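Each chain, written out:
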Amino acid sequence: FGLGIGAFGVLGFVNRLEMFSTTGQPVLGLSSNGLLSTVSVVVAVVLVAAGVRGGRLASTVLVVVGAAFVASGLINTLVLGTPLNLLAFRIPNVVFSFVAGALLLFLGAWGRFTGRLPDDNPYRQERHEHEGHEDDKK
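Residues numbered from 1 in each chain as written. Predicted model: local features only at pLDDT ≥ 70, side-chain atom pairs only at ≥ 80, totals over all residues. Heavy atoms only, no water.

K.L.:
Would you explain the overall build of the protein in this entry?
P.N.:
Scanning the protein for helices and strands turns up 6 helices and 2 strands. Of the regular secondary structure in the protein, the N- to C-terminal order runs α-β-β-α-α-α-α-α. Residues counted as buried form 36% of the 138 residues belonging to the protein. Taking the intrachain contacts of the protein between residues at least 6 apart in sequence as the baseline, contacts between residues at least 24 apart amount to 58%. (Helix = DSSP H or I, 4+ residues; strand = E, 2+ residues; numbered from the N terminus. Buried < 20%, exposed > 50% of the residue type's maximum accessible area, 1.4 Å probe, protein only. Contact = heavy atoms within 4.5 Å.)

K.L.:
Looking at this structure, I do not really get the layout of surface pockets. What am I missing?
P.N.:
Here the largest pocket defines a volume of roughly 320 Å³. Taken together, 16 residues line the largest pocket, and the ones lying closest to its centre are Leu36, Val39, Val43, Phe69 and Ser72. Every element with two or more residues in the lining of the largest pocket is listed here: helix 1 (2-14), helix 2 (34-53), helix 3 (55-79) and helix 4 (91-113). When its residues are assigned to classes, the lining of the largest pocket shows 12 nonpolar, 4 polar and no charged. (1 Å grid on protein atoms, 1.4 Å probe; cavity = no way out; pocket = protein on both sides within 12 Å on 5 of 7 lines; lining within 4 Å. Points joined across faces, edges and corners; volume = space filled by probe spheres on them. Nonpolar A, V, L, I, M, F, W, Y, C, P; charged D, E, K, R; others polar.)

K.L.:
What's the story with the nonpolar core in this structure? I'm lost.
P.N.:
As a rule of thumb, soluble globular proteins bury nonpolar side chains together. If you look at the biggest cluster of nonpolar residues, it comprises 10 residues: Ile5, Ala44, Leu47, Ala50, Ala58, Val61, Val65, Phe69, Ala100 and Leu104. Breaking this core down by element, the ones donating at least two residues are helix 2, helix 3 and helix 4. Here this core takes 4 residues from helix 3, the largest share from any one element. Those residues in contact with Ile5 that sit more than four places away from it in its chain are Ser40, Val43, Ala44, Phe69 and Phe96. (Core = buried A, V, L, I, M, F, W, Y, C linked by side-chain atoms within 4.5 Å.)

K.L.:
Would you explain the side chain of Asn76 in this entry?
P.N.:
Structurally, Asn76 is set in helix 3. Those residues in contact with Asn76 that sit more than four places away from it in its chain are Asn85, Leu87, Phe89 and Val94.

Given below as structure tokens:
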């Protein structure tokens, strides 16, 4: 997901989009400007770095970034067609923000809230610290 967001941002730079245009130009089916391209590259770096690091950090980053995407969708819905539309959002951008945010929230929260986690999952280990491992019981 981070690589896709990064590609979107880089394509915005390649197209030399105006930094603060409120109308934007199409990039991969979404509207973009230089500011959205910059934000996209930063988010991509954060997501890829968290994915490489893994574990709790990755889960936390996915939840935080997912919530930010959902919030961005809500906020940018309110500023569509106004001079405050600094990221040049259009309706497809809003839909993408909601879908991407929900997906990131789901994936980030999966290991924290789901049942039947594997024994090596850090959230399962934290919840069951007082219990011995199955190998210790034999």
